[in-house]
Amino acid sequence: MTHKKPGLNTICTHVGELKDEQFKGAVSPLYMSTSYAYEDVEVKRYPRYFNTPNQQALAQKIAALEHGEAALIFGSGMAAVSTSLFAFLQKGDHVVLQKTLYGGTSNLVVEEFEKFGIEYSFAKDLSAEAFEHEILENTKVIYIETPSNPLLTVTDIEAVAKLAKKRGLVSMIDNTFASPVNQNPIDFGIDVVIHSATKYMGGHSDILAGAVISSEEKIDRIFQLAKNFGGSLSDYTVWLLERSLKTMGLRVKAQNENAQKLAEYLEKNELVQKVYYPGLASHDGHELAKKQMHGFGGMLSFELKDLDSQAFMTYLKLIKPSMSLAGVESTILSPAKTSHALLTPEDRAAQGISDKLMRFSVGIEEPEDLIADIEQALEETKKDMLDVRL
Ligand SMILES: *Cc1c(COP(=O)(O)O)cnc(C)c1O
């Protein structure tokens, strides 16, 4: 056989699966034990040591999905983010971060780092030059997130990875919005890849989890801190996440296709002011996205021209107004009222986030049904405006 590496959907379905030696069942057995023998064993197992059979099996699958050597599975995306950052930063160190980050990550940095004597700065824009400009003598880490929330900006992964290598820094990326289906940053030289597995990996809006993928050496360093911080994931949820990942390739491809169709439909609609989607030629990051992504993802944002977006969202029937993202069901939210509510209107405006902006997490429903839902909600919103005028 010359065929060596399994492809995406084969990794999703099989890599890391545990054999059911006893009953020959088709799926991995679930081992819920929190207590394992300590004598005559190779490994002293305990869930907080990230080394139960199900935890290790899932880590193997997730490492394979991101083309990395090893992985750790966490109890939340933020446990993965915080443990990774603190593993490479100590008192007196400095980190350069992208400005447009997931709100929880910005909060972690702004609310906690000072207490631990860790310095930070945010790059002024997304260019490698802007990141380089912020590097100090004590800088240890560069941290990016692409595509970003909610405007789907695209950062040049390879340029940042190269810069980090040149300056001897650890590069980290939050790869949640792309998922391992659409983007594999390790291929571009990134050191540490982080996911909120709550999103595309889980995919059904019913699991909270996180993951970190890197080299054996760096994963061991993160593990040394992780066992003390205690952010591991319960084996039952580990098992559910393995189940979810089997269909991740299929789900995310369907979401890519739907998002592309919806983005094109919205861009052509005369009631729509602007659409932000990396798969559109009109998007600032389109060329870069083509270079570094296998698909453009299931997330898009848009603004209506004259119609009230709050009213529009209340008229949607199929697309649910809801927090979070990346489930098989389509959801929509106003960043100004949710993820970015704590910013001042001026700060939001500086980031290009208007009060009219809606962030749309496109699901796997039939695209015709999603378009029909949008059409009827636009009609209802238009009627409202006419009523007000009369
Ligand atoms: C949701 C999210 C996180 C945080 O993950 P949790 O699982 O909620 O802790 C981090 N980064 C991004 C991009 C996210 O969307």
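A quick note: this is a predicted structure, and the numbers were derived from the prediction, not measured.

Enquirer: How do you make sense of the environment of Glu134 when you look at a structure like this?
Expert: Its location among the elements puts Glu134 in the loop between helix H5 (128–133) and strand S4 (139–145). It is 39 Å that separates the C-alpha atoms of Glu134 and Lys261, two residues lying 127 residues apart in sequence. Ignoring sequence-local partners within four residues, the contact set of Glu134 consists of His94, Val96, Ser121, Phe122, Ala123, Lys124 and Thr139.

Enquirer: Where do I start with the packing of helix H3 (residues 77–88) against helix H4 (residues 103–112) in this structure?
Expert: Put simply, H3 and H4 touch, their axes get as near as 10 Å, and they point 40° apart. With respect to H4, the element H3 is oriented oblique. Read as a crossing pair, H3 and H4 show a hand that is right-handed. Contacts from Met78, Val81, Ser82, Leu85 and Phe86 of H3 reach H4 at Gly104, Thr105 and Leu108. Broken down by class, the residue content of the contact of H3 with H4 amounts to 5 nonpolar, 3 polar and no charged.

Enquirer: Please clarify how the pattern of salt bridges should be interpreted in this entry.
Expert: As enumerated under the stated definition, the model contains 11 salt bridges in all. Across the pair Lys115 and Glu112 runs a salt bridge whose closest N-O atoms are separated by 2.8 Å. Here Glu132 ties to Arg167 by a salt bridge, and the two come within 3.1 Å at their closest N and O atoms. Taken together, the residues Glu132 in helix H5 and Arg167 in the loop between helix H6 (157–166) and strand S5 (170–174) connect sequence positions 35 residues apart. Put simply, Glu132, Lys166 and Arg167 are held in one network by salt bridges that share partners.

Enquirer: What exactly am I supposed to notice about the nonpolar core here?
Expert: A general trend in soluble globular proteins is that nonpolar side chains are found buried together. Ranked by size, the top nonpolar core spans 44 residues in total, and within it Ile62, Phe131, Ile142, Ile144, Leu241, Leu245 and Met248 carry the most contacts. The residues that make up this core include at least three from each of domain 1 (8–245) and domain 2 (249–389). Judged by nonpolar contacts, the second largest core, of 31 residues, contains Ala80, Phe88, Leu108 and Val141.

Enquirer: Even after reading the chapter, I still don't get the domain arrangement of the protein chain, so can you show me in this structure?
Expert: The figure often quoted for interface size is the accessible area lost as the parts come together. When cut into domains, the protein chain gives domain 1 (8–245) and domain 2 (249–389). Between the C-alpha centres of domain 1 and domain 2 the distance comes to 28 Å. At the interface, 33 residues of domain 1 touch 38 residues of domain 2. Summed over both sides, the interface between domain 1 and domain 2 buries roughly 2900 Å², with carbon and sulfur atoms accounting for 58% of that surface.

Enquirer: Help me out: how do you make sense of the sheet that holds S5 in this one?
Expert: Within a sheet, each strand pairs with its neighbour through backbone hydrogen bonds, oriented either parallel or antiparallel. The mixed open sheet is built from 7 strands, whose spatial order is S1-S7-S6-S5-S4-S2-S3. Edge positions in the sheet fall to strand S1 (70–74) and strand S3 (119–122), since each of these pairs with one other strand and no more. When the angles between neighbouring strand axes are averaged without regard to direction, this sheet yields 20°. Bridge count between strand S6 (residues 192–196) and strand S7 (residues 210–214): 4 bridges; the pairing is antiparallel. Its bridge partner being in S7, His195 is matched across the sheet by Ala211. Packed onto the sheet, helix H2 (residues 53–65) meets S1 and S7 and runs at close to 120° relative to S1.

Conventions adopted
- Residues numbered from 1 in each chain as written.
- Predicted model: local features only at pLDDT ≥ 70, side-chain atom pairs only at ≥ 80, totals over all residues.
- Heavy atoms only, no water.
- Helix = DSSP H or I, 4+ residues; strand = E, 2+ residues; numbered from the N terminus.
- Contact = heavy atoms within 4.5 Å.
- Axes fitted to C-alpha atoms, helices over the stretch in contact; angles between N-to-C directions.
- Parallel < 35°, antiparallel > 145°, perpendicular 65-115°, else oblique.
- Left-handed = near helix turned anticlockwise from the far one by under 90°.
- Nonpolar A, V, L, I, M, F, W, Y, C, P; charged D, E, K, R; others polar.
- Salt bridge = Lys/Arg side-chain N within 4 Å of Asp/Glu carboxyl O.
- Core = buried A, V, L, I, M, F, W, Y, C linked by side-chain atoms within 4.5 Å.
- Buried < 20%, exposed > 50% of the residue type's maximum accessible area, 1.4 Å probe, protein only.
- Domains from an automatic or database assignment.
- Buried area = accessible area lost by both parts, 1.4 Å probe.
- Pairing = 2+ DSSP bridges.

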